[in-house]
Amino acid sequence: MAAAGAEAAAVAAEEEKRLPEGDPESGGDSEDEGDSDSSGDGEDEEKENEAEIQRLEEQLSINAFDYNCHLDLIKLLRQEGELVKLRRARQKMSELFPLTEEIWLDWLKDEIKMASESSEREKVYELFERAVKDYICPEIWLEYAQYSIGGIGQEGGIEKVRSIFERALTAVGLHVTKGTALWEAYREFENAILETAQPAPGSVPSPEQQQMLCSQLEKIHTLFRRQLGIPLLDMEASYAEYEEWSEDPIPEPIIKNYKKALQQLEKCKPYEEALLGAETPKLAEYQAYIDFEMKAGDPARIQLIYERALAENCLVPDLWARYNQYLDRQLKVKELVLSAHDRAVRNCPWTVGLWIRYLLAMERHRVDHGIISEMFEKALNAGFIQATDYVEIWQAYLDYLRRRVDFTQDSSKELEELRSAFARAVEYLKQEVEERFSESGDPSCTIMQNWARVEARLCNNMQKARELWDNIMTKGNAKYANMWLEYYNLERAHGDTQHCRKALHRAVQCTSDYPEHVCEVLLTLERIEGTLEDWDAAVQKTENRLARVNEQRAKAAEKEAALAKQEEEKAEQRKQARAEKKASKKAKKARIGDKRKADDDDEGEWGQEEEEQPSKRHKGDGDGVLLEEDMEVETGLFGRSGPEKPDRPANQKEKASTSRKDIPKVLHDSSKDNVTVFVSNLSYNMADPEVKLKELFESCGEVVQIRPVFSNKGTFRGYCYVEFKEEKSALQALGLDRKVVEGRPMFVSPCVDKNKNPDFKVFRYSTTLEKHKLFISGLPFSCTKEELEDVCKAHGNVKDIRLVTNRAGKPKGLAYVEYENEAQASQAVLKMDGLTVKEHVIKVAISNPPLRKLPDKPEAGRASQFAVPRQVYGARGKGRTQLSMMPRALQRQSNPVAKAENGMVQNSPATSSEPPEEPKKMSNADFAKMLLKK
């Protein structure tokens, strides 16, 4: 950071060079004009910076926990030289967050430059003390020790420097890669004192001087020996330096400790090298290092490696939780434990688990009650991301208050405080939490249940417990059997039989989920303790209730069956309407074909045409093809190909005929499914899809064949099959799923025969809770991925952004944003929820998609009638995006007895030799009936 200060000074000097007041030797108007332009630019930049500073200050007044806003403000104030505002901004940030090593070094060096008097030096010492408490940083400790050397001339200055060096060695002297610098600096300091203590040349030292020299030499010997017993980098150089410096040979125990440390260093080197070569955040490498040190069992080294990991991963709640757990269970040093807990909640204030552990640690170390209550109030203002987090922190605090109460006394200050806290918790969840999250987070009223247990079991106040349970039941819990049984058990243990019976009678009346169980408990109570009248009343009540329940269930089943039947009838009606519409269209085409015959009324010609009818069934000439006018030619779909059709009549469009001839009809080889992918949602207007898609998929590997699917008119149907030479190429091609091609997201999925796997579905995105991913809604449709990234990256490292679109590629105003870790995502939720983007207020939450409702399976009786499972359509029927991809040849029932063609039923083989009768013209309704029979 010294480089940053030097750079700022260099920039200021450069500005002075560019803005001279006057140069008598320069002359010329051009330079004056250039100076005025430069001055104008400087003034504009200064005004922009002032406006930006004001904006950042206003933003921090709204949201004081905006970490990046603090950084930007400090940077601008330092650039402008606003020392008073800069000091205040740094102070505010340090109160909310632990500062990083870079921020502390910048702050300390700025204060050191301005500290000249002794009182100002004391303020710098205080600042250093705050800095070394945030993180264990060797550079800050080294800067602290070196700064303290400057006050060596004051009273007790040498001892103060030594004290700081000793504390630094305790904190970071075991640091494998950076500890050596501190040891060397300490030795250099002691060597400098030794030089000043040396007598003048030629003089004889006094006994006091001789004693002082021996004492100083012993200090340096001790430092060398302590350092050589610790595994540090460049130990060999330190050992060689000690050999050269010492007049006496190195003692054998020191050599033994040195070799032992060398062996330990060799064990640590792989972990240090892994950290050196790893990329941020290095969590896996640090965890491996921590596991290694945990096995060794040296508390000081374990603490140091945890601190090193946290210095680079200060926003990872799980790492703080593991560290604090280790300190709580192993070291149990009050100052160390509480300091770590405090830093944890300052770094990750949104994590309720860290606050709960902090409260427990403070109670464990007997911290004053006022401080614990103050810390709890801070936790409530931390901004948790879930309503249940507030329930957990309240429960932890209430548990603490309950442990303070002496229940042997009828009344006490602590008991009244506990009761008021319970009442406040209930009100807080109802008002504050429910207003923010639209839920209290405590639907089962666990806090009120615990309050009732405390009143009943510890205070012997069943009346208050009953009032609480009555309140619980009025909050929508009366329909649940487990809630009534919980209350019944409390009455059974601390109440009386009368209230037990009353509770169970109410339960029988109100329970809707498991009424049989409640009835059974009531009958059991009366069997053991009730009179005959009680038994009769219970039997009658339970029988009546169960009869009503069964009746309600039967009605619900009938209603459900009626709805199912109604949906089925609607589906049949839609199917019939589509068939009639289709038949009407074909009949119209048939009439157009018959028009050509209307000019000749000769019955012989009609009979001649009638005689030619059988041949039309085979050749498909004339009207015989009209029934299959809209049939699709699908090649290779689900291992089946559509039936090959004869050429169209000569008077059809030449273009469509040509395209039909060009379509290859290739049977799909199911053995090649592993090297084939199915591509869909392509544009129908894609010109030459084979060429276009081959260019796209060749990046994944060698493409053997691309089989696009066309209709009989030669139009592209928007899907195809891509066959690769190798299986790994097909797997790589799946990565192109959702890639935008000609304005539409292309869907790429494995090639699977849905006849064999009807439930197979491919969805590449997770449908479960992902705490490192955000779901954003309410975005303007014009918002691009780059614009959203600019908004999101201010709160952490964005790994991926996905804008949700429909099948046509049009945005839906939704997006998923993936961060590196849970901490960054949580911070982003707090800062972005309710943000305005292009005049749209967005909603931001942790990604937790709701469970998808699967369509009901077809009835067993009807399943045998179809070759594939029946498709379930929405309320609007089979929309364009719900077109079945099953070839129609597979969906139709085969009828070997008779087939309809052009409104006539073919004769069976037994009667084919008989002369055909005169054809009967068919109406639209006849066509519809004919198609429905198919």
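The numbering scheme is per chain: residues are counted from 1 as the chain's sequence reads. Restriction of local features to residues with pLDDT of at least 70 applies here, the model being predicted, together with a cutoff of 80 or more for giving and counting side-chain atom pairs; totals for whole chains, interfaces and linings are based on all residues. Water and hydrogen atoms play no part in the side-chain values, which are based on all heavy atoms of the structure.

Comments concerning the overall build of the protein
For the protein, the count of helices and strands is 36 helices and 14 strands. Think of it in three bands: residues with accessible area under 20% of the maximum for their type are buried, residues over 50% are exposed, and the middle band is partly exposed, with areas taken using a 1.4 Å probe on protein chains only. Taken across its 934 residues, the protein has 39% of its residues classed as buried. The long-range share in the protein, meaning contacts at least 24 apart out of those at least 6 apart in sequence, stands at 63%. Reported accessibility uses the Shrake-Rupley method at a 1.4 Å probe radius. Residues are deemed covered only where the shown protein chains occlude them. Carbon together with sulfur atoms contributes 50% to the accessible area of the protein, which is approximately 54000 Å² in total. We count a stretch as a helix when DSSP gives it H or I for four or more residues in a row; a strand needs E for two or more, and each element gets its number in order from the N terminus. Any pair of residues with heavy atoms lying within 4.5 Å of one another is described as a contacting pair.

Some words on the packing of aromatic side chains
When the centres of two rings from Phe, Tyr and Trp lie within 6.5 Å, Trp using its six-membered ring, the rings pair. Their planes under 30 degrees apart give stacked, over 60 give edge-to-face, and anything left gives tilted. One pass over the full model with this rule turns up 32 aromatic pairs. The interplanar angle of 20° and the centroid separation of 5.4 Å between the aromatic rings of Y271 and Y289 together place this pair among those described as stacked. Here the residue Y271 occupies a position in helix α12 (residues 252-277), and Y289 occupies one in helix α13 (residues 283-296), the gap between them amounting to 18 residues. What makes Y271 partly exposed here is its relative accessible area of 26%. For Y289, a relative accessible area of 1% corresponds to the buried category. Members of the aromatic cluster, connected to one another through ring pairs, are F376, F384, Y390, W394, Y397, Y400, Y428 and F437. Positioned above the aromatic ring of Y147, the side-chain terminus of R121 is 4.2 Å from the ring centre. Here, over-ring charges are defined by two tests on the NZ atom of lysine or the CZ atom of arginine: distance to the ring centre within 6 Å, and angle to the ring normal within 35 degrees. Taking the ring centre of Y684 as reference, the NZ or CZ of R717 above it sits at 5.8 Å.

Re helix α8 (residues 157-172)
Multiplying 1.5 Å by the helix residue count minus one yields the expected span of that helix. Between its first and last C-alpha, α8 extends 22 Å over 16 residues, near the 22 Å set by a 1.5 Å rise per residue. Looking at the buried residues of α8, the elements they touch are α7 (138-149), α9 (179-197), α10 (207-228) and α14 (299-312).

Quick word on unusual backbone geometry
For residues besides glycine, phi is generally negative; the peptide bonds are generally trans as well. Omega for the bond connecting T280 with P281 falls within 30 degrees of zero, at 15°, which places this linkage in the cis form. As for its position among the elements, P281 is in the loop between α12 and α13. One non-glycine residue, N681, lies in the positive phi region at around 65°. Along the chain, N681 turns up in the loop between β2 (676-680) and α30 (689-697).

What about helix α6 (residues 118-134)?
If you check α6, its first and last C-alpha atoms are 25 Å apart, about what 17 residues at 1.5 Å a residue would give, namely 24 Å. Along α6, the residues classified as buried are R121, V124, Y125, L127, F128, A131, V132 and D134. Against α5 (101-114), α7, α8 and α16 (334-347) lie the buried residues of α6.

Quick look at a negative patch on the surface
Patches here are clusters of residues that have more than 30% relative accessible area and form no salt bridge, with a 9 Å joining cutoff for like charges and a 5 Å cutoff for nonpolar side chains (Val, Leu, Ile, Met, Phe, Trp, Tyr). In what follows, salt bridge is the name for a side-chain nitrogen of Lys or Arg lying within 4 Å of a carboxyl oxygen of Asp or Glu. Think of it this way: Lys and Arg go in the positive column, Asp and Glu in the negative one, and His and the chain ends go nowhere. One atom stands in for each charge, and that atom is NZ of Lys, CZ of Arg, CG of Asp or CD of Glu. Together, E43, D44, E45, E46, E48, E50 and E82 make up a negatively charged patch on the protein surface. Looking at where E82 falls in the secondary structure, it is placed in the loop between α3 (67-80) and α4 (83-96).

Looking at the environment of S680
Within the secondary structure, S680 is located in strand β2. Those residues in contact with S680 that sit more than four places away from it in its chain are G718, Y719, M746 and F747.

Details of the pairing of strand β7 (residues 770-777)
Sheet topology note: the β7/strand β12 (residues 843-847) ladder contains five bridges and is antiparallel. Note on β12: the bridge partner recorded for I776 is V844. Across five bridges, the pairing between β7 and strand β9 (residues 811-819) is antiparallel. Across the sheet, residue F775 finds its bridge partner in β9, namely Y816. Two strands pair if DSSP finds at least two bridges between them.

As for the packing of helix α17 (residues 352-364) against helix α18 (residues 369-380)
In this analysis, axes come from line fits to C-alpha atoms, helices being fitted only over the stretch in contact, and the angle between any two N-to-C directions falls in the range 0 to 180 degrees. Orientation of α17 relative to α18, taken along the N-to-C sense of each, is 180°, at an axis distance of 10 Å. Here α17 lies roughly antiparallel to α18, going by the angle between them. Taken together, the residues of α18 that come into contact with α17 (itself represented by W355, Y358, L359, M362 and E363) are I371, I372, M375, F376, K378 and A379. Partitioned by chemical class, the residues of the contact of α17 with α18 number nine nonpolar, no polar and two charged. Working rule for angles: under 35 degrees goes down as roughly parallel, over 145 as roughly antiparallel, 65 to 115 as roughly perpendicular, anything else as oblique. Gly is placed with the polar residues, together with every amino acid not listed as nonpolar (Ala, Val, Leu, Ile, Met, Phe, Trp, Tyr, Cys and Pro) or charged (Asp, Glu, Lys and Arg).

Quick notes on the side chain of Q303
Tracing the backbone through its elements, the reader meets Q303 in helix α14. Among the residues examined, Q303 registers a relative accessible area of 17% and is labelled buried. Setting aside residues up to four positions removed in sequence, Q303 forms contacts with I136, Y323, L331 and L336.

Looking at the pattern of salt bridges
Across all of its chains, the model carries 42 salt bridges by this definition. Its salt-bridge partner being E363, residue R403 comes within 2.8 Å of it at the nearest N-O pair. Within this pair, whereas R403 is found in helix α19 (residues 387-404), its partner E363 is found in helix α17, the two being separated by 40 residues in sequence. Judged by its relative accessible area of 40%, R403 falls in the partly exposed class.

Considerations on the sheet that holds strand β8 (residues 798-805)
Spatial strand order, β8-β9-β7-β12: four strands in an open sheet with antiparallel pairing. Either end of the sheet is taken by a strand with one partner, and the two such strands are β8 and β12. Put simply, the sheet's adjacent strands are angled 25° from each other on average, direction ignored. Sheet analysis places β8 next to β9, joined by seven bridges and oriented antiparallel. Residue pairing in the sheet places V798 in a bridge with Y819 of β9. Seen against the sheet, helix α32 (residues 785-792) touches β7, β8 and β9 and runs at an angle of roughly 135° to β8.

What to know about the environment of L830
With respect to the helices and strands, L830 occurs in helix α33 (residues 822-832). Setting aside its immediate chain neighbours within four residues, L830 contacts W350, A382, G383, I385 and R436.

Some words on the state of the cysteines
Note on terminology: pairs of cysteine sulfur atoms within 2.5 Å are recorded as disulfides. Counted under the stated rule, the structure contains zero disulfides. C314 supplies the cysteine sulfur nearest to C348, a cysteine that is in no disulfide, at a spacing of 7.2 Å. When its relative accessible area of 0% is taken as the criterion, C348 is described as buried.

Notes on the nonpolar core
One finds I140, I393 and W394 to be the most contacted residues of the largest nonpolar core, which totals 162 residues. At ten residues, α19 tops the list of elements feeding residues into this core. Dropping the residues within four chain positions of it, W394 is found in contact with F376, L380, A421, R424, A425, Y428, L429 and I447. Think of a nonpolar core as a cluster: buried Ala, Val, Leu, Ile, Met, Phe, Trp, Tyr and Cys residues, connected wherever their side-chain atoms sit within 4.5 Å.

Observations regarding the pairing of strand β6 (residues 744-750)
β6 sits mainly inside the fold: five of its seven residues count as buried. Judged from the four bridges that link them, β2 and β6 form a sheet pairing that is antiparallel. Along β6, the bridge assignment pairs F678 with S749. Both strand β5 (residues 739-741) and β6 contribute to a ladder of three bridges, which runs antiparallel. Looking at β6, one finds that V740 is bridged to P745.

A few points about the packing of α18 against helix α20 (residues 413-437)
Contact geometry for α18 and α20: axes closest at 15 Å, N-to-C directions at 5°. Looking at the two axes, α18 sits roughly parallel to α20. The residues of α20 that touch α18, namely those facing H369, F376, E377 and L380, are E417, R424 and Y428.

Let's talk about the confidence of the model for the protein
Think of pLDDT as the predictor's per-residue confidence, scored from 0 to 100. Here the protein shows a mean pLDDT of 80. Residues at 70 or above account for 77%. Contacts from residues 599-657, a stretch scored under 50 in pLDDT, to residues over four places away or in other chains number 106 contacts. Segment residues 855-886 is flagged for pLDDT under 50; beyond a separation of four residues in sequence, or across chains, it makes 40 contacts in the model.

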